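# Reading the structure
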Amino acid sequence: MPLPPLPTRVAYVVSHGLPYSSNGYAVRSHAVARALTELGHDVIVISKPGRPWSIEGFDPARTIPLDQRIDGVRYVFLPLPAAPEESLRARLRAAENRLAETFGVFRPGAVIAASNWENAEPAQNAARRYGAAFFYEQRGFWDMVRSAEGQPPTPAMLERAARSDEYETRIARDARAVFTLNAAMKAQMVGRGVPEDKIQLMPNGVSAPLPADPKLTRDSLGVTAR
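## Side note on the layout of surface pockets
A probe matching the size of a water molecule, rolled over the atoms, marks out where space remains unfilled. Size it by volume and the second largest pocket reaches roughly 450 Å³. Looking at side-chain class alone, the lining of the second largest pocket contains nine nonpolar, five polar and five charged residues.

Structure (structure tokens):
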């Protein structure tokens, strides 16, 4: 029998995280993790199994520390060798098994997964297997089709979008609660069938600016443009 979950421990499963990604998703994940930590939660940010090695341009043979701390936040990385010929469903199942093993070790009382469904579905299934509460953080609608250079979307694109829409909605409906960024996104989710009372808004934000260094001037920075 696995040991019971620890009530204050949160596993935060993210598709983009520091220090190997620096996009908006990674910055938001870090800020949320720091805020939860300041509120007394024991947060472990778990990068999507197989990342960062699966990031384009990242050396798959590179060795990195699998357990790191950044600004007091703990980051855990899970190697997941995947052959290129493996199907998406096989990769998702492998990620689920790796996360289930990891939850058994770290014993989270709650699991939060960020967009998109390919990151969230394995985390949701693994949380269910372990017995932890699952929450979904829907940051965007990756299924919305955009045509290239004004061209209409292809039938294959539309089919992938419909399937992604279905998976995103199912994950959100089955979650204990869902967090999203603004009222328009909430309305979109409600329109897809997610109960309105299950959705909470958690907008993006900015940090308070630090005091300006009086030694920094246009001249000291070499700024000559008007």
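On we go.
## Things to note about unusual backbone geometry
Going from leucine 18 to proline 19, the amide bond is cis rather than trans, its omega being -5°. When you line up the elements, proline 19 lands in the loop between strand S1 (6–14) and helix H1 (24–38). Here the phi dihedral of aspartate 71 falls at roughly 55°; this positive angle occurs in a residue that is not glycine. Examined against the element boundaries, aspartate 71 turns out to sit in the loop between strand S3 (67–70) and strand S4 (73–76). Given a relative accessible area of 53%, aspartate 71 falls into the exposed group. Phi at arginine 107 is positive, roughly 60°, even though this residue is not glycine. With respect to the element layout, arginine 107 can be found in the loop between helix H2 (88–106) and strand S5 (108–114).

## Here we look at empty space enclosed by the protein
In total, this model carries two cavities of 30 Å³ or more according to the counting rule given. By volume, the largest cavity is sized at about 40 Å³. Lining the largest cavity are Ser15, His16, Gly17, Tyr20, Ser21, Ser47, Arg51, Pro52, Ile55 and Phe77. Among the residues making up the lining of the largest cavity, the classes are represented as four nonpolar, five polar and one charged. Of the pockets and cavities examined, the second largest cavity occupies roughly 30 Å³. Lining the second largest cavity are Gln138, Glu168, Thr169, Ala172, Met189, Arg192 and Val194.

Here is what the cut-offs are and how they apply
- Residues numbered from 1 in each chain as written.
- Predicted model: local features only at pLDDT ≥ 70, side-chain atom pairs only at ≥ 80, totals over all residues.
- Heavy atoms only, no water.
- 1 Å grid on protein atoms, 1.4 Å probe; cavity = no way out; pocket = protein on both sides within 12 Å on 5 of 7 lines; lining within 4 Å.
- Points joined across faces, edges and corners; volume = space filled by probe spheres on them.
- Nonpolar A, V, L, I, M, F, W, Y, C, P; charged D, E, K, R; others polar.
- Helix = DSSP H or I, 4+ residues; strand = E, 2+ residues; numbered from the N terminus.
- Buried < 20%, exposed > 50% of the residue type's maximum accessible area, 1.4 Å probe, protein only.

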